[in-house]
Amino acid sequence: MSVALGWLLSTILFRKFTFAQNSLTSTPNEKKPSGDPREPTNLDSHVEHANDETHVRTILDGSQAEERGWSIRTVPPDEDPEFWASSPWRQRATRLSHITGAAPVFLFLWSFYVQVWCFLDIYSNDWTLSLEMALMGISLCIEILKIALSIVDCLCRLLAAVSHVWRPRYRLMGDDDVPRVDVIITCCNESLDIVQDTVLGALAIDYPITRFRVILTDDGASPELKEWASGLKKPNLFYTARVKQGPAGYKAGNLNHAVEFIKTLPGSPAPFTAGLDADMIPEKKWLRSVLPHLLLDHTMGVVTPKQSFYNVPTNDPLFQSNKISWAVADVIRDSLDCAWNSGSGYVLRRAALEDIGGFSTGSLTEDVYSSMLMLSKGWKSAYLAESLQFGLVPSTYLGHIKQQTRWNIGGIQLGLNFRYYLSSSHTGRLNFKQRLCGFWSLTNASSRILDVAELFMMPALLYSHNQTRQLETFRRFVQVSCIASITHWLHDCGRGWVIGYRTAMRESGLQLYMAPYYVIAIIRSFVLPRSLGGTEPGFKATGSISDGLDERCASRRAPLCRRLKHTVFGCGVWVHVVLIIYYMSYIVSHMRRIVRHAATTTHAAQQNGMESQSLLWMEAAWLAPRLLKVLATCLTPLRYTCFPPNDPARSELMGKRDEKTGARYPRESARSVKWEAWSILDFEVFYSIMTALNMWLLFRTYGM
């Protein structure tokens, strides 16, 4: 089934996409190192190995630490408490969520069997082609593809539950001879004050000033930023801006420029390279927390911590906290030995970067692509569920959808570059789990096509039905569908133990209201020619995207009419409006059919009429919870436009500046999402009502 899905994706997407690399063993700027790439050389640090890292309290101590000048120790849970990293019961709950997430696949198989049985039962005596028959056939094809995706998802979750990984917390101790690190901060037209806080935070980390350098690489070539950086007169801060010629490579090109720039600085390049986005302020313990995982394993190529945010608006109306990614999806990938470089806060081994020829320009998500290339060369990657950096979510609706669609398109590009992970000739040293995880990520990125198709198919299929459908046939289908929906809700409740009830419930809402954007972006990027509206996938720094509406600032906010015009026509929310009208039209039409049927049923046909009436009511009851979900999610962008949050100024979210370093960090109160009491009546209430309706319908159909 997975092979069939891969073939289908290839026929749709391969038409326009030009591979940036012909194979993983040959990259545009690759430099072949001598010897085994997993045996990096030129390390100026001393590493002590441990076979069982989870039980090591102090890797180096006593005379060994004195001889080497540094040591590594495990951080106990009661020291420097970290909510996500030091809660054993949440770690167990995460593993349990992998298992509960795999359960619905069996219901999908059962549901598919019932739908096939319904199809054969209806048309066993008459195979004349009709609109209903065609729609049911298309619906079955969609279900086949969704089952294939569910099987892949099930395998990934079960494997993750078996080989569950939760990295211990380490700290690098000592000052004299700790490994040298080059920290690269990429920026491109972000606000000056945002970049300043990140640079000052990087300069203020708890690390010897002679053992790390900060390279500020500015793709916007801002004179103000250059002047400010020069005025700091910091011996370990360097500013550079490249001259773009030809294909610039976006952020990957900026990173590669910084890597080459480092070679021109006094002294040799450091054995480790770290990266920060322009808005990501590192904690003081950042390098001392990440580096030990690289020092304990010579084959570790890159380690990346989770991304946290300090400006998520009150009640998170657009579901931007992204907790589901770093608390569930990233943990699954790490458990499958396929942790992604998320693009900020990472530390990588320079030898591994040189082994893949630098940051790859073949995808919009150069960070993820580069880490996958490292894995294909035999290196390892790791993910840390520890809050070591705090940044900004997009403050505009336009910036939000641009960021989400860029990630989605980048995920598809990644799968195309690796030829869907189906052939070992294009995946290098990726093992089975890593290839499965890569294919799982590809299917997640492209499955939104099926979600949108199903959204439009559901009412059309019911509207076109005729009286040949038997009550018993549809009753069984409704029962299976209700059980599947209830199981999904229970799984989301299980995830709520890990990331919070509201966040878990809203994740499905995020994917649903973003699905039309994903589909349009996929079609324009990979299917349509330029003459018909096709476009090449492009990159623009999220922090530089502005729509001029100041929608989250009460004092400068644009008028409602202007915001609605921009959102509906400029941001594509007209698709959501069409879906709302489409579903409401079906409900009105269906209720009219029920009333008309009841009025025209004769006494002689009462028995037949009661069965038909029951069928009509069952259809309405079955669609009602799905209508609630569609309305709740499609209304999200409209509700956000009409009632946007009032964000405080960024300065109000930040603490006081350190008098010595000038650095400042987000306040503790800004590091978590604030919820108002009435927000419980948001999407999660609609989801709970939908589940209650499914339970009621399941109970009633057993009595029919």
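For the structure, see preceding data.
Described below are features of the structure shown in this document. For every chain, the first residue of the written sequence is number 1, and numbering continues from 1 along that sequence. In keeping with the predicted nature of the model, local features appear solely for residues at pLDDT of at least 70, side-chain atom pairs appear and are counted solely at 80 or more, and the whole-chain, interface and lining totals rest on all residues. Note that the side-chain values use all heavy atoms of the structure and ignore hydrogens as well as water.

To continue, consider the overall build of the chain. Of regular secondary structure, the chain possesses 22 helices and ten strands. Working definition: with a 1.4 Å probe on protein chains only, accessible area under 20% of the residue-type maximum means buried, over 50% means exposed, and in between means partly exposed. Split into buried and exposed, the 704 residues of the chain put 59% on the buried side. The accessible surface values rely on the Shrake-Rupley method and a 1.4 Å probe; as for residues, cover is taken only from the protein chains in view. Accessible surface, the chain as shown: approximately 30000 Å² in total, 59% of it carbon and sulfur. The helix count covers DSSP runs of H or I at least four residues long, the strand count covers runs of E at least two residues long, and both are numbered beginning at the N terminus.

Angular values range over 0 to 180 degrees, each being the angle between N-to-C directions of two axes fitted as lines to C-alpha atoms, with helices fitted over their stretch in contact. Contact geometry for helix H17 (residues 501–526) and helix H22 (residues 683–701): axes closest at 9 Å, N-to-C directions at 80 degrees. Between H17 and H22, the crossing angle belongs to the class labelled roughly perpendicular. Contact residues: Tyr501, Arg502, Met505, Arg506, Ser508 and Gly509 in H17; Phe683, Glu684, Tyr687 and Ser688 in H22. By the convention adopted, Pro, Cys, Tyr, Trp, Phe, Met, Ile, Leu, Val and Ala count as nonpolar, Lys, Arg, Asp and Glu as charged, and the other residues, Gly among them, as polar. Along the lines of polarity and charge, the residues of the contact of H17 with H22 split into four nonpolar, three polar and three charged. Roughly parallel here means an angle under 35 degrees, roughly antiparallel means over 145, roughly perpendicular means 65 to 115, and every remaining angle is called oblique. Whether two residues touch is decided by their heavy atoms; if any such pair falls within 4.5 Å, the residues are in contact.

Take the environment of Phe456 next. Considering the arrangement of structural elements, one finds Phe456 in helix H15 (residues 448–463). The exposure class of Phe456 is partly exposed, given its relative accessible area of 33%. Sequence separation of Phe456 and Tyr582 is 126 residues, and the distance between their C-alpha atoms is 8.3 Å. Ignoring anything within four residues of it in the chain, the contact list for Phe456 reads Leu579 and Tyr582.

Next up on the list: the sheet that holds strand E6 (residues 272–277). Any two strands with at least two DSSP-identified bridges between them are counted as paired. In spatial order, the strands read E5-E4-E3-E6-E9-E8-E10-E7; together these eight strands make up an open sheet with mixed pairing. Each edge of the sheet is formed by a strand with only one pairing partner; in this case those strands are strand E5 (237–240) and strand E7 (281–282). Where strand E3 (residues 181–187) lies against strand E4 (residues 212–218), seven bridges are found, and the strand directions are parallel. Looking at the pairing, Asp182 lines up with Arg213 of E4.

Another aspect to go through is the packing of helix H10 (residues 323–335) against helix H14 (residues 432–446). Relative to each other, H10 and H14 sit at 155 degrees, their axes nearing to 9 Å. In terms of orientation, H10 and H14 fall into the roughly antiparallel class. Of the residues in H14, those touching H10 at Ala329, Ile332, Arg333 and Ser335 are Lys433, Cys437, Trp440 and Ser441. Residues belonging to the contact of H10 with H14 are distributed by class as follows: four nonpolar, two polar and two charged.

A few words on the nonpolar core. Proteins that are soluble and globular tend to have nonpolar side chains buried together. The biggest cluster of nonpolar side chains holds 62 residues, and the ones touching the most others in it are Phe359, Met372, Met374, Leu414 and Phe418. With seven residues, the single largest contributor to this core is H10. Ignoring anything within four residues of it in the chain, the contact list for Phe359 reads Ala252, Leu255, Asn256, Val259, Tyr346, Leu348, Leu353 and Ser370. What makes a nonpolar core is a set of buried Ala, Val, Leu, Ile, Met, Phe, Trp, Tyr and Cys residues whose side-chain atoms join them at distances within 4.5 Å. Core analysis: the next-biggest nonpolar cluster, separate from the first, contains 52 residues, Leu172, Phe212, Tyr310 and Val347 among them.

For salt bridges, the criterion is a side-chain nitrogen of Lys or Arg within 4 Å of an Asp or Glu carboxyl oxygen. The final tally for this structure, using the stated rule, is 25 salt bridges. Linking Lys251 and Asp277 is a salt bridge whose minimum nitrogen-to-oxygen distance equals 2.6 Å. Linking Lys251 in helix H8 (residues 250–262) with Asp277 in strand E6, this pair joins segments that are 26 residues apart in sequence. On the basis of relative accessible area, Asp277 is assigned to the buried category, the value being 18%.

This brings us to the packing of aromatic side chains. Think of it this way: a Phe, Tyr or Trp ring, Trp meaning its six-membered ring, pairs with another when their centres are within 6.5 Å, and the plane angle makes it stacked under 30 degrees, edge-to-face over 60, tilted otherwise. Evaluated as defined, the whole model comprises nine aromatic pairs. On the basis of an interplanar angle of 75 degrees and a centroid distance of 6.2 Å, the ring pair of Tyr207 and Phe212 is categorised as edge-to-face. The same class applies to Tyr207 as to Phe212, namely buried. Where Phe418 meets Tyr421, the ring centres are 5.3 Å apart and the plane angle is 10 degrees; that geometry is what we call stacked.

Among all positions in helix H7 (residues 223–232), only Leu225, Trp228 and Ala229 are buried. In a view along the axis of H7, the buried residues occupy a sector of 95 degrees, so they form one face of it. Opposite the buried face of H7, by more than 90 degrees, sit the exposed residues Pro223, Glu227 and Gly231. Along its buried surface, H7 packs onto E3, helix H6 (192–203), E4 and E5. Backbone geometry just after H7 places Lys233 at a positive phi near 55 degrees. Taken from the helix axis, the directions to the C-beta atoms give the arc we talk about.

Counting buried positions along strand E10 (residues 380–391) yields eleven of twelve residues, so the element is predominantly enclosed. Two strands pair when backbone bridges link them, and E7 and E10 are joined in this way by two bridges, in the antiparallel orientation. Pairing of Ile281 across the sheet is with Phe390, part of E10. As paired strands, strand E8 (residues 300–309) and E10 are joined by eight bridges and run parallel to one another. Directly across from Ser308, in E10, lies its bridge partner Phe390.

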